[in-house]
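Listed below, chain by chain, are the residues.
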Amino acid sequence: MTLDEARAAIVKTLQKVQDVSGLPCPSLAGGDIPRRVLEQFDSTVWPVATSWIAKELGVKIDNDVHVFGGKNGGPLLTINQSAEVICSHVAEQHYAVAAE
């Protein structure tokens, strides 16, 4: 999986989340922080969005992976940073399977 594929899946999912919620969705760019640019997009919605991203990409994203950041008061992530988190997580999964 490439960063571009992960980024596209994130953007598509964020648009879907806003659509399902009946909320507007601005044009999204890699440097955008979803929590700051999308109405009502907060940690209560993130688990659903994460599962939809995983489904879109055909991968498994573990529950302890915080795709949108903010864990323990940490910084919120941009779309680009979220794509990097996903790619890194998937690469770790493939490495672990190959090592077995």
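Just above sits the structure.
Note that this is a predicted model, so its numbers are computed, not measured.

With reference to specific residues and values, describe the environment of Ala-29.
Note that Ala-29 resides in the loop between helix H1 (3-20) and helix H2 (34-37). Residue classification places Ala-29 among the partly exposed positions, given a relative accessible area of 41%. Once the C-alpha coordinates of Ala-29 and Glu-56 are considered, the two residues, 27 residues apart in sequence, prove to be 19 Å apart.

Pulling in residues and values, what's your account of the side chain of Thr-13?
Position of Thr-13 relative to the elements: it lies in helix H1. If we skip the residues at most four places from it in the chain, Thr-13 touches Ala-49, Trp-52 and Ile-53.

Can you lay out the side chain of Gln-18 for me, pointing to particular residues and giving the numbers?
Mapped onto the elements of the fold, Gln-18 is located in helix H1. The exposure class assigned to Gln-18 is buried, which follows from its relative accessible area of 1%. Excluding anything up to four places from it in sequence, Gln-18 contacts Leu-23, Pro-24, Cys-25, Leu-38, Glu-39 and Phe-41.

Hey, could you go over the pattern of salt bridges for me, with residue numbers and the actual values?
Counted under the stated rule, the structure contains 3 salt bridges. Measuring nitrogen to oxygen at the nearest pair gives 2.4 Å for the salt bridge that ties Arg-7 to Asp-4. With Arg-7 and Asp-4 both in helix H1, this residue pair falls 3 residues apart, about one helical turn. Residue Arg-7 is classed as partly exposed on the basis of its relative accessible area, which comes to 23%. Overall, the relative accessible area of 52% leaves Asp-4 in the exposed class.

Give a detailed account of helix H3 (residues 46-57), specifying residues and quantitative values.
Spacing of three or four residues puts side chains on the same side of an α-helix, whose turn is 3.6 residues. The end-to-end C-alpha distance of H3 is 16 Å, a good match for the 16 Å that 12 residues give at a rise of 1.5 Å each. Gly-58 occupies a position one or two residues after H3 and carries a positive phi of about 70 degrees.

Run through the packing of H1 against H3, naming residues and quoting values.
Here H1 crosses H3 at 130 degrees, and the two axes come no closer than 9 Å. For the element pair H1 / H3, the angle class is oblique. Considering how the two elements wind past one another, H1 and H3 form a crossing that is right-handed. Where H1 abuts H3, its residues Glu-5, Ala-6, Ala-9, Ile-10, Lys-12, Thr-13, Lys-16, Val-17 and Val-20 lie against Ala-49, Trp-52, Ile-53, Glu-56 and Leu-57. When its residues are assigned to classes, the contact of H1 with H3 shows 9 nonpolar, 1 polar and 4 charged.

Can you explain the packing of aromatic side chains? Please cite residues and give values.
This structure, assessed with the given rule, holds 3 aromatic pairs. Residues Phe-41 and Phe-68 carry aromatic rings whose centres are separated by 5.1 Å and whose planes lie at 85 degrees to one another, so their mutual orientation is edge-to-face. Placement of Phe-41 in the loop between H2 and H3 and of Phe-68 in the loop between H3 and helix H4 (79-99) is noted, with a sequence separation of 27 residues between them. Side by side, Phe-41 and Phe-68 carry an identical accessibility label, which is buried. Taking 5.9 Å as the distance between ring centres and 40 degrees as the angle between the ring planes, the aromatic pair formed by Trp-46 and Phe-68 counts as tilted. Here the residue Trp-46 occupies a position in helix H3, and Phe-68 occupies one in the loop between H3 and H4, the gap between them amounting to 22 residues. In this pair, the class of Trp-46 matches that of Phe-68, namely buried.

Conventions and cut-offs
- Residues numbered from 1 in each chain as written.
- Predicted model: local features only at pLDDT ≥ 70, side-chain atom pairs only at ≥ 80, totals over all residues.
- Heavy atoms only, no water.
- Helix = DSSP H or I, 4+ residues; strand = E, 2+ residues; numbered from the N terminus.
- Buried < 20%, exposed > 50% of the residue type's maximum accessible area, 1.4 Å probe, protein only.
- Contact = heavy atoms within 4.5 Å.
- Salt bridge = Lys/Arg side-chain N within 4 Å of Asp/Glu carboxyl O.
- Expected span 1.5 Å × (residues − 1).
- Axes fitted to C-alpha atoms, helices over the stretch in contact; angles between N-to-C directions.
- Parallel < 35°, antiparallel > 145°, perpendicular 65-115°, else oblique.
- Left-handed = near helix turned anticlockwise from the far one by under 90°.
- Nonpolar A, V, L, I, M, F, W, Y, C, P; charged D, E, K, R; others polar.
- Phe/Tyr/Trp six-rings, centres within 6.5 Å; stacked < 30°, edge-to-face > 60°.

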